[in-house]
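Coordinate inspection notes
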Amino acid sequence: MTATLEAITGRYVTLDVEGTSQRIYFEEAGDGPVVLLFHTAGADNRQWRHVLNDDELTSRYRFIAPDMPWHGKSLPPEGWQRDEYLLSTETYMATVLSLCDALGLDRPIYAGCSMGGRIALQLALHHTERFAGFIAIEASDFQPAWYDIDWFHRPDAPGGEMGAALVSANIAPQAPEAERWNTQWMFMQSGPGVFRGDLSFYTEDDSLVGCLGQIDTQKAPVHIMVGTYDLTCTPEDAQRTADGIPGATLDIMPEIGHFPMSEHPTRFRPHFVEALARMG
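Calculation rules
Counting from 1, residues in each chain are numbered in the order their sequence is written. Owing to the predicted nature of the model, reporting of local features is limited to residues with pLDDT of at least 70; listing and counting of side-chain atom pairs is limited to 80 or more, with chain, interface and lining totals taken over all residues. Note that the side-chain values use all heavy atoms of the structure and ignore hydrogens as well as water. Whenever a carboxyl oxygen of Asp or Glu lies within 4 Å of a side-chain nitrogen of Lys or Arg, that contact is scored as a salt bridge. Strands here are runs of E lasting at least two residues and helices are runs of H or I lasting at least four, both read from the DSSP assignment and numbered beginning at the N terminus. What is meant by a nonpolar core is a set of buried Ala, Val, Leu, Ile, Met, Phe, Trp, Tyr and Cys residues, joined one to another through side-chain atoms within 4.5 Å. In this scheme, a residue with accessible area under 20% of its type's maximum is buried, one over 50% is exposed, and one in between is partly exposed, where area comes from a 1.4 Å probe on protein chains only. Here, residues are in contact when the closest pair of their heavy atoms is within 4.5 Å. In this scheme, strands are said to pair when DSSP sees at least two bridges between them. Axis angles are defined between N-to-C directions and span 0 to 180 degrees, where every axis is a line fitted to C-alpha atoms and, for a helix, only to the segment in contact. A helix is expected to span 1.5 Å for every residue after the first. By convention, the crossing between two helices is left-handed when the near helix turns anticlockwise from the far helix through less than a right angle, and right-handed when the turn is clockwise. Residues were grouped as follows: Ala, Val, Leu, Ile, Met, Phe, Trp, Tyr, Cys and Pro as nonpolar; Asp, Glu, Lys and Arg as charged; and all remaining residues, including Gly, as polar.

As a further point, take the pattern of salt bridges. For the coordinates displayed, the defined rule picks out 14 salt bridges. Of the charged contacts, one joins Arg-130 and Asp-101 as a salt bridge, the two residues approaching to 2.7 Å between their closest N and O atoms. With a gap of 29 residues between them, Arg-130 in the loop between helix H4 (115-126) and strand S6 (133-137) and Asp-101 in helix H3 (residues 89-103) connect regions that are remote in the sequence. For the salt bridge of Asp-237 with Arg-240, the shortest nitrogen-to-oxygen distance reads 3.0 Å.

Below, the discussion takes up the nonpolar core. Formed by 61 residues in total, the largest nonpolar core has its most connected members in Leu-36, Tyr-92, Val-96, Tyr-110, Leu-123, Phe-131 and Val-222. Counting residues per element, this core draws most heavily on H4, which supplies seven residues. Once residues within four sequence positions are removed from consideration, Val-96 is found in contact with Leu-36, Phe-38, Tyr-110, Leu-123 and Phe-131. Grouped together as the second largest cluster of nonpolar side chains are 26 residues, Ile-8, Met-225, Ile-256 and Leu-276 included.

Below, the discussion takes up the sheet that holds strand S4 (residues 62-66). To summarise the sheet geometry, strands pair through backbone hydrogen bonds and adopt either a parallel or an antiparallel arrangement. Strand order in the open sheet formed by eight strands is S1-S2-S4-S3-S5-S6-S7-S8, with mixed pairing between adjacent strands. The sheet is open, and its two borders are formed by strand S1 (9-17) and strand S8 (249-253), each paired with just one other strand. Averaged over all pairs of adjacent strands, the angle between their axes in this sheet comes to 20 degrees, without regard to strand direction. In terms of strand pairing, strand S5 (residues 109-113) meets S6 through five bridges, oriented parallel. Along S6, the bridge assignment pairs Ala-111 with Ile-135.

Once that is clear, we can look at H3. Compared with the 21 Å implied by 1.5 Å per residue over 15 residues, the 22 Å span of H3 between its first and last C-alpha is a close match. Residues of H3 that are buried: Thr-89, Tyr-92, Met-93, Thr-95, Val-96, Leu-97, Ser-98, Leu-99 and Cys-100. Of the surrounding secondary structure, the elements contacted by the buried residues of H3 are S1, strand S3 (34-38), S4, S5, H4 and helix H7 (194-204).

Attention now moves to the packing of helix H5 (residues 159-168) against helix H6 (residues 177-188). Closest axis-to-axis distance for the H5/H6 pair is 7 Å, and the angle between their directions is 145 degrees. Between H5 and H6 lies a crossing whose hand is right-handed. Contacts from Gly-160, Gly-163, Ala-164, Val-167 and Ser-168 in H5 reach Arg-180, Gln-184, Phe-187 and Met-188 in H6. Each residue belonging to the contact of H5 with H6 can be placed in one class, and the counts come to four nonpolar, four polar and one charged.

The values reported here are purely geometric and, on their own, carry no functional implication.
Listed below in structure tokens is the structure:
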């Protein structure tokens, strides 16, 4: 084995998000049009490490992958011990927009998976002018929980391992074993109550049902991607959502589950390359 020095760089930026100071960690690599990469619920930007280490892609794009507050290397805000963490649509959008302002990003491409994909659609609806395009991965207009989210923050159950157990059912059987376990490890490391707070947003917060037709893809394209082995956002959910957005495009990815960029990066890559090309 030889030592490998990766080109990824990590930095921190402090944002004002709805009057709260949030110190955000982000990693970046590459040069060119900016692509924001947002992780799933209960995880962090390590899900995007394969894209950030892709020499061909980073020769064409500048990728920026943040850890949302409470996730990964982004600490909770001061006084967190007195609050219950419950993510909301408004706070999520405010975080994304504040990050864009702080880094001076002019109409980046937004790409997000799961809860990051859901917020892509909310941003497409409410802040189209701020972005060059939207890649919504494993995303639908609304997806009620088929599980009890309280299991992920109980005194008698290890929340991280419960989270990993849930996501294990959403990883395609074709995923390489190493990446399957790497993906689950991120959920095992999630902070107490964080996965539950994310799932509260994903399963209970603002629905886009009835609003999809207001998204203007003439101003910024919307491309939806979904894996055939996704139980949380099924291909039927993604198809329904794409059908509701005039001009949206859809890619159904075979042999992929809910965490494509993490669970099976090589199979995901050509789909993501196509998605980026659709952004213009």
